[in-house]
Amino acid sequence: MTNRTVTVSIKRYNPETDKKPYWQDFQVELTAETTLLSALEDIKSDQDGSLTFRRSCRHAICGSCAMMVNRANMLVCDLPLEKVLDKNDRVTVEPLPYQPVIRDLVADQSSFWKQYERVKPWLVPPEGEHQREFRMTPEEVKALEHAEMCIMCGACYSSCPIIAGNKEYIGPHALLKAFMRVLDPRDTIPEERLDIVCNTEGAYRCHKVLNCTQACPKGLDPAKAIAVLANLGFRTGKISQERMERLRSLIPADEIPVKAAGD
Amino acid sequence: MTETITHDVIIVGAGLAGSWAAMVASREGVTNIGVLSKVYPLRSHSGAAQGGIAGALNNIRSVDGKLESVPVGESGDDSIESHMFDTIKGSDWLGDQDSIEVMVNDAPGIIYEYERMGCVFSRLEDGRIAQRRFGGHSSPRANYAADWTGHVLLHTIHEQALRHGVRFYSEWQMMELIIEDGVCRGVVAMDILTGELHVMRAKAVMFATGGYGRVYQITSNATANTGDGVAIAYNAGVPLLDMEFVQFHPTGIYKHGILMSEACRGEGGYLLNANGERFMENYAPDKMELAPRDLVSRSEQTEINEGRGIGDDKQGIYLDLRHLGAERIMERLPQVREIAMSFLGVDIIDEPAPIQPTAHYSMGGIPTDVNGQVVIDADNTPLHGFFAAGECAAVSVHGANRLGTNSLLEASVFGRRAGYAIAEFIKGGAKLHPYSGDGVSRQRERLDNFMSKSRQNGNGRGQPEQVAAIAAELKQNMTDNCGIYRTEEKLLIAREKVRELRERFKRVVVMDSSQRFNTELLTAVETEHLLTFSEVIIEGALNRTESRGAHFRTDYPKRNDEQWMKHTLAQNTPEGVALSYKPVHIFWDRYPPQERKY
Ligand SMILES: Cc1cc2nc3c(=O)[nH]c(=O)nc-3n(C[C@H](O)[C@H](O)[C@H](O)COP(=O)(O)OP(=O)(O)OC[C@H]3O[C@@H](n4cnc5c(N)ncnc54)[C@H](O)[C@@H]3O)c2cc1C
Ligand code: FES
């Protein structure tokens with residue numbers, strides 16, 4: 001049954017004016033179309049313009065709106081409000097944890113982005129001009145386990161107990177990216193990547209708590225990716241050779257051969 | 001503390017267009033580039049694109065209506081010329097054919113470049129990039145990555161921009177464009193985190209700020225798509241081109257507007273009215289559901305207006321995908337399926353999804369040449385140091401109606417070209433022109449006014465107004481009176497309403513008085529932009545007494561080439577919007593105007 005009044009309980013904090021965070025309840029009208037994001041928008045436009053949160057795409061693809069809802073991290077834009085109400089018709093909303101709060105539901109994701117850049121998220125392709133696409137098989141695409149679908153929302157990062165205590169840890173989001181690059185047959189620096197991530201600030205630090213995989217709104221499996229990286233770490237030295245072989249066959253016969261690029 | 005920041009190049013916008021330009025200019029040796037984005041770069045709206053990016057790669061062909069891969073060594077049926085003709089026809093002969101030629105020629109190359117940079121496309125068995133059909137294209141030339149094509153393209157180009165050392169200012173909002181004596185000198189921008197304003201000086205400025213769909217009630221656009229760049233350029237004296245052309249996409253989620261990709265129809269989906277009829281039979285018997293968007297949206301709207309809509313308010317239509325089967329849906333349309341489940345509670349494998357037309361794409365914008373150079377009149381006079389590309393620009397490849405998959409292509413191709421042009425401009429000895437103006441104080445005053453106590457008390461000039469209420473009334477007005485079907489009568493109402501709202505906007509108050517991350521204040525600024533260019537859309541639509549592409553006048557239902565095969569140019573003057581016109585570039589010997597039938 002929809003069309004009733006429900007309570008959205010929000011953790012508020014403005015470091016400019018508040019000594020510490022506090023909870024504030026808002027009443028909103030629930031209809032069949034209400035998402036948690038649309039409820040926040042309604043509160044902002046009708047009740048309290050100072051309520052602060054991030055959002056943009058409204059359909060779970062830009063990664064702006066990850067928050068902690070009833071103590072679990074998720075995207076709020078495609079989340080029907082009714083689904084997260086408790087028996088008292090109430091839901092709690094907080095910013096993603098383990099990071100400084102900028103304001104209300106906006107977390108400071110600096111360390112998250114720093115780690116993302118640390119793993120060199122870009123592909124380093126072979127040098128040389130090519131007329132056409134590399135021939136990557138559907139199986140090779142599948143082997144990436146849809147890691148390319150990661151929207152960098154931070155739900156996994158802020159659910160990881162290691163991140164809670166140690167911001168030097170690379171984190172599930174960036175390790176997933178590294179996994180995707182190492183497995184991509186077009187990449188020329190898999191060994192260098194393994195050097196970056198296979199150490200005690202990276203894949204070897206993971207405690208396999210699997211919170212990240214549980215938190216991912218896209219159904220991805222960073223924990224598994226981290227385990228794959230950790231295993232590959234024991235094989236460094238052998239991977240370059242295999243990659244060079246594969247790289248040669250990536251390019252259609254009528255095109256120039258490749259040489260590895262430095263980066 | 002307010003400080004002046006200096007770069008060789010400032011690019012506003014980190015979607016495909018802005019990121020391409022930054023990556024290329026940097027790769028070409030321009031080291032001092034700053035890219036501003038009001039959302040974190042990877043959150044730019046380009047990432048929301050689902051269906052594909054056009055390019056005649058000839059990996060797939062259609063044989064007796066079935067798609068099969070073209071054996072290596074054999075040539076397919078597609079060609080650059082065919083892509084060109086489809087785009088011209090789609091544009092209803094308002095697209096500049098010289099620009100279109102550049103875009104379709106560059107298309108295969110830029111898709112291969114994406115692929116080489118690591119973009120994860122869907123693949124054929126033999127490893128080539130997979131392609132599907134899209135509306136208005138006569139061959140299957142939408143290159144795709146499942147139904148998250150824009151997402152993988154955006155991540156790929158952003159990563160490569162980082163690789164080439166581009167500096168990003170994330171969550172910075174550009175507020176003003178600085179032009180003095182016909183020379184562009186920089187921008188004024190706010191660091192959203194601190195609320196501080198800064199002058200950012202540069203030898204070259206590029207806008208890549210995306211579209212303006214948020215001015216409509218039902219839209220597929222992200223909340224960031226408030227047409228800031230378009231409004232800010234207009235306020236700085238740059239004319240806008242063809243703003244009255246706004247595309248409505250046929251398949252937005254009922255009541256939400258969120259997109260169900262055209263790939264749904266590309267893969268073979270049906271549109272059904274309340275009687276269960278595939279009504280496209282009556283409007284485009286040949287192309288059916290895969291007729292171009294303007295035509296399909298109008299057909300839906302006609303069905304709705306004549307009482308054959310679905311849903312509690314009868315404003316919906318069914319999109320039926322059941323016959324595709326679970327396997328194909330899960331492989332090719334996984335995101336669409338999720339979206340329908342979340343927003344409609346419908347599994348498209350088992351049930352048809354309620355949809356409705358949704359404001360989707362802005363054909364109009366800042367006029368440029370094919371190298372991103374902004375041009376300010378019918379003679380194509382360049383504005384020194386100012387570039388633009390992507391949805392905020394109008395190089396006019398889409399004319400009166402864009403074909404699906406052509407805009408990821410446009411943003412990429414013209415972003416890349418702008419990158420080369422900017423690099424050449426800088427390396428050719430461009431100067432940092434002096435600026436001693438008071439842009440920061442002007443913007444500070446504008447913002448302070450929104451928050452002023454005297455306004456909150458009514459200021460003796462009537463009741464204070466709420467931003468949200470004005471924005472809501474504006475969007476409703478544009479939807480009702482300047483939407484899919486337009487008439488003089490409705491457009492006059494629309495004009496009056498916008499005038500009223502502009503007056504009321506002067507009394508708008510922002511209650512949030514914090515400097516830090518003040519999103520209420522930014523919403524006020526964005527709403528002011530919506531009001532600014534709404535007037536331009538309405539004036540252009542009123543004056544254009546014909547129907548062409550996405551602009552449909554019920555009182556002038558025919559295209560009128562004699563009088564109207566020309567671009568609208570709208571200039572900001574103290575008296576309001578001043579319209580003039582500019583010829584369309586037509587290759588008369590090759591692609592003369594024809595009737596547009598599907
Ligand atoms: C739901 C959806 C699906 C689509 N699917 C397809 C498709 O399948 N195929 C296709 O070809 N096209 C598609 N399109 C269209 C296409 O995605 C866009 O036209 C294209 O991505 C625009 O790219 P852009 O770089 O111009 O702008 P955007 O990607 O919108 O980027 C705009 C940038 O400007 C920044 N910005 C804006 N204002 C300011 C400001 N004031 N200060 C600082 N920064 C600012 C933003 O932060 C952002 O970084 C789709 C569009 C939508 C809405
Ligand atoms: S608003 Fe984009 S993911 Fe939620």
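This structure is a prediction, so every number in the text was calculated from the model and none was measured.

A. Here's a closer look at the overall build of chain A. From N to C terminus, chain A includes nine helices and seven strands. With the C-alpha coordinates of chain A rotated into their principal frame, the extents come out at 65 × 35 × 30 Å. For chain A, with 263 residues in total, the buried portion stands at 59%. Put simply, 69% of the contacts in chain A that link residues at least 6 apart link residues at least 24 apart.

B. Molecular detail of the interface of chain A and chain B. Contacts between chain A and chain B engage 65 residues on the former and 59 residues on the latter. Looking only at chain A, the three residues that lose the most surface to chain B are Arg-58, His-59 and Glu-133 of chain A, adding up to 13% of its buried area. Asp-512 of chain B is the salt-bridge partner of Arg-103 of chain A, the closest N and O atoms lying 2.9 Å from each other. Where chain A meets chain B, there are 33 residue pairs in polar contact (both at pLDDT 80 or more). At the level of secondary structure, the elements contributing two or more residues to the side of chain A that touches chain B comprise helix H1 (36-46), strand E6 (101-103), helix H2 (110-118), helix H3 (138-143) and helix H5 (172-183) of chain A. Looking at the side of chain A that touches chain B, its residues break down into 29 nonpolar, 15 polar and 21 charged.

C. Structural detail: the packing of helix H3 (residues 97-116) of chain B against helix H10 (residues 406-427) of chain B. Residues and elements named next belong to chain B. Look at H3 against H10: their axes get within 9 Å of each other, and the N-to-C directions meet at 90°. By the angle between their directions, the pair H3 and H10 is classed as roughly perpendicular. Facing H3, whose interface residues are Ser-99, Val-102, Met-103, Asp-106, Ala-107, Gly-109, Ile-110, Glu-113 and Tyr-114, H10 presents Asn-406, Leu-409, Glu-410, Ser-412, Val-413, Phe-414, Arg-416 and Arg-417. Grouping the constituent residues of the contact of H3 with H10 by class yields eight nonpolar, four polar and five charged.

D. Inspection of the sheet that holds strand E1 (residues 4-12) of chain A at higher detail. Residue and element names in this part refer to chain A. The strand order E2-E1-E5-E3-E4 describes an open sheet built from five strands, whose pairing is mixed. Strand pairing shows two members of the sheet lacking a second neighbour, strand E2 (22-30) and strand E4 (72-75), which therefore form its edges. Strand-to-strand twist of the sheet, defined as the mean angle between neighbouring strand axes without regard to direction, takes the value 35°. Sheet topology places E1 next to strand E5 (residues 90-94); four bridges connect them, and they run parallel. From the neighbouring strand, Ile-10 faces E5, where its bridge partner is Val-93.

E. Just the domain arrangement of chain A, in detail. All names here are of chain A. As assigned here, chain A comprises domain 1 (4-107) and domain 2 (110-254). Placing the centre of domain 1 and that of domain 2 at their C-alpha centroids yields a distance of 32 Å. Listed per partner, the contact involves eleven residues of domain 1 and 17 residues of domain 2. Buried area between domain 1 and domain 2, both sides added, is near 1000 Å², and the carbon and sulfur share of it is 59%. In terms of surface lost to domain 2, no three residues of domain 1 exceed Asn-73, Tyr-98 and Gln-99, which account for 51% of the buried area on that side. Across the domain 1-domain 2 interface, the total number found is zero salt bridges. Applying the counting rule to domain 1 against domain 2 returns six residue pairs in polar contact (both at pLDDT 80 or more).

F. Structural view of the sheet that holds strand E6 (residues 131-132) of chain B. All names here are of chain B. Overall, antiparallel pairing links the three strands, which are arranged E3-E7-E6 in an open sheet. The open sheet has two free edges, formed respectively by strand E3 (53-54) and E6, since each of these has just one partner strand. Bridge count between E3 and strand E7 (residues 142-143): two bridges; the pairing is antiparallel. Note that in E7 the partner of Ala-54 across the bridge is Ala-142.

G. Spatial organisation of unusual backbone geometry. Residues and elements named next belong to chain A. Backbone geometry at Asn-70 places phi at a positive 50°, although glycine is not the residue there. Tracing the backbone through its elements, the reader meets Asn-70 in the loop between strand E3 (66-69) and E4. Judged by relative accessible area, Asn-70 falls into the partly exposed class, the value being 35%.

H. The arrangement of the site of ligand 1 in detail. All names here are of chain B. Close to ligand 1 lie 38 residues, the nearest being Ser-44, His-45, Ser-46, Glu-391 and Ser-407. Measuring from an oxygen atom of ligand 1, one finds a backbone N or O atom of Ala-14 at 2.8 Å. A distance of 2.8 Å separates an oxygen atom of ligand 1 from a polar atom in the backbone of Gly-51. Burial of ligand 1 by the protein chains amounts to 99% of its free accessible area of 1000 Å². Contributions of two or more residues to the shell around ligand 1 are made by helix H1 (16-27), strand E2 (33-37), strand E9 (172-180), strand E16 (353-362) and H10.

I. Representation of the packing of aromatic side chains within the structure. Residue and element names in this part refer to chain A. If you walk through the whole model with that rule in mind, you get 17 aromatic pairs over all chains. Geometrically, the ring pair formed by Phe-112 and Tyr-157 is edge-to-face, given 5.2 Å between the ring centres and 80° between the ring planes. With a gap of 45 residues between them, Phe-112 in helix H2 and Tyr-157 in the loop between H3 and helix H4 (161-165) connect regions that are remote in the sequence. With a relative accessible area of 0%, Phe-112 lands in the buried category.

J. Representation of the side chain of Gln-443 of chain B within the structure. Structurally, Gln-443 of chain B can be placed in helix H11 (residues 439-451). Discounting residues that sit within four places of it in the chain, Gln-443 of chain B has contacts with Met-175, Glu-176, Val-188 and Leu-197 of chain B.

K. Spatial organisation of the pattern of salt bridges. Residues and elements named next belong to chain B. Following the criterion strictly, the structure yields 73 salt bridges over all chains and no others. Residue Glu-267 pairs with Arg-332 through a salt bridge whose shortest N-O separation is 3.1 Å. Pair noted here: Glu-267 is in the loop between helix H6 (263-266) and strand E14 (270-272) and Arg-332 is in helix H8 (residues 326-332), with a separation of 65 residues, a long-range link. Overall, Arg-332 belongs to the partly exposed group, its relative accessible area being 23%. A salt bridge links Asp-294 to Arg-298, with the nearest nitrogen and oxygen atoms 3.6 Å apart. Taken together, the positions of Asp-294 and Arg-298, both in helix H7 (residues 293-305) and four residues apart, correspond to about one turn of that helix. With relative accessibility at 4%, the residue Asp-294 sits in the buried group.

L. Inspection of the nonpolar core at higher detail. Counting 160 residues, the largest nonpolar core has Leu-81 of chain A together with Tyr-114 of chain B as its most contacted members. In terms of residues, this core owes the most to one element, H10 of chain B, which gives eleven residues. Mapped onto the domain boundaries, this core takes at least three residues apiece from domain 1 (4-107) and domain 2 (110-254) of chain A. Residues within four places of Leu-81 of chain A in sequence aside, it is in contact with Val-6, Val-28, Leu-30, Thr-34, Thr-35, Leu-36, Ala-39 and Val-91 of chain A. Counting 79 residues, the second largest nonpolar core, distinct from the first, contains Val-199, Ala-359, Met-451 and Val-525 of chain B.

M. Up close: H7 of chain B. Residues and elements named next belong to chain B. For H7, with 13 residues, the first-to-last C-alpha span of 18 Å sits near the 18 Å given by 1.5 Å per residue. Three or more residues of H7 are buried, namely Arg-293, Asp-294, Leu-295, Val-296, Ser-297, Arg-298, Ser-299, Glu-300, Gln-301, Thr-302, Glu-303 and Ile-304. For H7, the secondary structure elements touched by its buried residues are strand E13 (246-253), H6, E14, strand E15 (317-320) and E16. Just past H7, the residue Gly-307 takes up positive phi, approximately 90°.

N. Inspection of the pairing of strand E1 (residues 4-12) of chain B at higher detail. In terms of residue burial, E1 of chain B counts as a mostly covered element, since seven of its nine residues are buried. The β-α-β motif built from E1 of chain B, the intervening H1 of chain B and the parallel element E2 of chain B has right-handed crossover chirality.

O. Broad picture of the side chain of Thr-35 of chain A. As for its placement among the helices and strands, Thr-35 of chain A is situated in the loop between E2 and H1. Aside from chain neighbours lying at most four places away, what touches Thr-35 of chain A is Val-76, Cys-77, Leu-79, Pro-80 and Leu-81 of chain A together with Phe-343 of chain B.

P. Structural detail: the packing of helix H13 (residues 467-481) of chain B against helix H15 (residues 519-543) of chain B. Residues and elements named next belong to chain B. It is the contact of H13 with H15, at a shortest axis distance of 10 Å, that shows an interaxial angle of 25°. Relative to H15, H13 is oriented roughly parallel. By crossing handedness, the relation of H13 to H15 is classed as left-handed. On H15, the residues touching Val-467, Ile-470, Ala-471, Leu-474, Lys-475 and Met-478 of H13 are Thr-523, Ala-524, Thr-527, Leu-530, Leu-531, Ser-534, Ile-537 and Ile-538. Considering only residue class, the contact of H13 with H15 consists of ten nonpolar, three polar and one charged.

Thresholds, definitions, all that
- Residues numbered from 1 in each chain as written.
- Chains lettered and ligands numbered in written order.
- Predicted model: local features only at pLDDT ≥ 70, side-chain atom pairs only at ≥ 80, totals over all residues.
- Heavy atoms only, no water.
- Helix = DSSP H or I, 4+ residues; strand = E, 2+ residues; numbered from the N terminus.
- Buried < 20%, exposed > 50% of the residue type's maximum accessible area, 1.4 Å probe, protein only.
- Contact = heavy atoms within 4.5 Å.
- Buried area = accessible area lost by both parts, 1.4 Å probe.
- Salt bridge = Lys/Arg side-chain N within 4 Å of Asp/Glu carboxyl O.
- Polar contact = N/O pair within 3.5 Å; in protein donor to acceptor, adjacent residues only side chain to side chain.
- Nonpolar A, V, L, I, M, F, W, Y, C, P; charged D, E, K, R; others polar.
- Axes fitted to C-alpha atoms, helices over the stretch in contact; angles between N-to-C directions.
- Parallel < 35°, antiparallel > 145°, perpendicular 65-115°, else oblique.
- Pairing = 2+ DSSP bridges.
- Domains from an automatic or database assignment.
- Near = heavy atom within 4 Å.
- Areas by Shrake-Rupley, 256 points an atom, 1.4 Å probe, with all protein chains shown as cover.
- Phe/Tyr/Trp six-rings, centres within 6.5 Å; stacked < 30°, edge-to-face > 60°.
- Core = buried A, V, L, I, M, F, W, Y, C linked by side-chain atoms within 4.5 Å.
- Expected span 1.5 Å × (residues − 1).
- Right-handed = clockwise from strand over helix to strand, strands pointing away.
- Left-handed = near helix turned anticlockwise from the far one by under 90°.

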